[in-house]
Amino acid sequence: ITFAIDVINRKGGINGKKLVLLVEDNQSDPKSAISALNKLLYVDNIRYLHSFGSSINLALKPIAEEKKVILFSNAAHPKITEKTDFIFRHSNIALSDAEVLIEEVKKKNPKRIGIIYVNDEWGMVFNQEFQKLLQEFNPTIEIKSETHLPTDTDFRTQITKVLNMKPDIVLVASFG
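Predicted, not measured: the structure shown is a model, and the values here were computed from it.

## Regarding the packing of helix α2 (residues 30–42) against helix α3 (residues 54–67)
Working note: a packed helix pair is described by the angle between its axes plus the distance between those axes.
Turning to step 1, where the next piece is worked out: Relative orientation of the contacting elements α2 and α3 amounts to 30°, with a least axis distance of 8 Å. Between α2 and α3, the angle is such that the two are roughly parallel. For the element pair α2 and α3, the recorded crossing hand is right-handed. Across the interface between the two elements, Pro30, Ala33, Ile34, Leu37, Leu41 and Tyr42 of α2 pack against Ser55, Ile56, Ala59, Leu60, Ile63 and Lys67 of α3.
Turning to step 2, where the next piece is worked out: Class assignment of the residues belonging to the contact of α2 with α3 gives a composition of ten nonpolar, one polar and one charged.

## Section: the pattern of salt bridges
Turning to step 1, where the next piece is worked out: Using the criterion set out here, one finds nine salt bridges in the structure.
Turning to step 2, where the next piece is worked out: Residues Glu103 and Lys106 are paired through a salt bridge, measuring 3.4 Å at the closest nitrogen-oxygen approach. Here Glu103 and its partner Lys106 are both found in helix α4 (residues 94–108), three residues apart, which amounts to about one turn of the helix.
Turning to step 3, where the next piece is worked out: The partner of Arg156 in a salt bridge is Asp154, with the nearest N and O atoms 2.5 Å apart.
Turning to step 4, where the next piece is worked out: Accessibility expressed as a relative area gives 39% for Asp154, which makes it partly exposed.

## With respect to the nonpolar core
Turning to step 1, where the next piece is worked out: The biggest cluster of nonpolar side chains holds 19 residues, and the ones touching the most others in it are Ile102, Val105, Ile113, Trp122, Phe126, Phe130 and Leu134.
Turning to step 2, where the next piece is worked out: Elements supplying a minimum of two residues to this core: α4, β4 (112–118), α5 (121–137) and β6 (169–173).
Turning to step 3, where the next piece is worked out: The biggest single contributor to this core is α5, with six residues.
Turning to step 4, where the next piece is worked out: The next biggest cluster of nonpolar side chains, apart from the first, holds 15 residues, and it includes Ile46, Val69, Ala75 and Ile80.

## Digging into the environment of Asn74
Turning to step 1, where the next piece is worked out: Locating Asn74 in the fold gives a position in strand β2 (residues 70–74).
Turning to step 2, where the next piece is worked out: In the structure, Asn74 is positioned 76 residues away from Pro150 in sequence and 16 Å away in space, judged by C-alpha atoms.
Turning to step 3, where the next piece is worked out: Not counting residues up to four positions away in its chain, the partners in contact with Asn74 are His50, Ser51, Phe52, Gly53, Asn57, His90 and Ser91.

## Some thoughts on the sheet that holds β2
Sheet strands pair via backbone hydrogen bonds, and the direction of the pair is either parallel or antiparallel.
Turning to step 1, where the next piece is worked out: In spatial order, the strands read β1-β2-β3; together these three strands make up an open sheet with parallel pairing. Edge strands, defined here as strands with exactly one partner in the open sheet, are β1 (48–52) and β3 (87–89). Taking the axes of each pair of neighbouring strands and ignoring which way they run, one obtains an average angle of 20° across the sheet.
Turning to step 2, where the next piece is worked out: The pairing of β1 with β2 spans five bridges and is parallel. Its bridge partner being in β2, Leu49 is matched across the sheet by Leu71.

## Focus: the pairing of β2
Looking down a regular strand, the side chains alternate between one sheet face and the other.
Turning to step 1, where the next piece is worked out: Residues of β2 alternate between two faces, with Leu71 and Ser73 buried on one and Ile70, Phe72 and Asn74 left unburied on the opposite face.
Turning to step 2, where the next piece is worked out: Handedness of the crossover joining β1 and β2 through α3: right-handed.

## A look at the packing of α4 against α5
Turning to step 1, where the next piece is worked out: Relative orientation of the contacting elements α4 and α5 amounts to 40°, with a least axis distance of 9 Å. For the element pair α4 / α5, the angle class is oblique. The way α4 lies across α5 gives a crossing that is right-handed. From α4, Ala94, Leu95, Asp97, Ala98, Glu99, Leu101, Ile102, Val105 and Lys106 reach across to α5, where they touch Trp122, Val125, Phe126, Glu129, Phe130, Leu133, Leu134 and Phe137.

Cut-offs used in this document
Residues numbered from 1 in each chain as written. Predicted model: local features only at pLDDT ≥ 70, side-chain atom pairs only at ≥ 80, totals over all residues. Heavy atoms only, no water. Axes fitted to C-alpha atoms, helices over the stretch in contact; angles between N-to-C directions. Helix = DSSP H or I, 4+ residues; strand = E, 2+ residues; numbered from the N terminus. Parallel < 35°, antiparallel > 145°, perpendicular 65-115°, else oblique. Left-handed = near helix turned anticlockwise from the far one by under 90°. Contact = heavy atoms within 4.5 Å. Nonpolar A, V, L, I, M, F, W, Y, C, P; charged D, E, K, R; others polar. Salt bridge = Lys/Arg side-chain N within 4 Å of Asp/Glu carboxyl O. Buried < 20%, exposed > 50% of the residue type's maximum accessible area, 1.4 Å probe, protein only. Core = buried A, V, L, I, M, F, W, Y, C linked by side-chain atoms within 4.5 Å. Pairing = 2+ DSSP bridges. Right-handed = clockwise from strand over helix to strand, strands pointing away.

Right, dumping it as structure tokens:
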């Protein structure tokens, strides 16, 4: 982004106006993201926003709509772009991720599978869709599913619980 802004600004900007990149840390937390957006809206007067993460963008969506701010969302949850004129999404979606991964799982024909997934909007949809596809593939498959927070760095508890079932496959789905 900074490279593109430099190139555009060296060529005179857009309609003679230089572009400025403002960065705020959403801390992977919807409440922090809303605070950051409010600062960008009311202090910096932005009209365009680029943000990452389904739960973040779902939280920002109503504000972007109300304030008529273009939100370019790098997030997988399909509801982000439902019924909106101001939000654009560029990302795979959780169902597509599940469909790709189920094809690989089918090749292994597991009897037991452990899933560790991120406890956010993408992760919940992914886990739901992936388990549905697993059940369609093999209705008798045993599934052990554990969540982790987006900010977690220690997964020993989840891994221990999943490994106790002696899975044939362990799938970690932490980011779309």
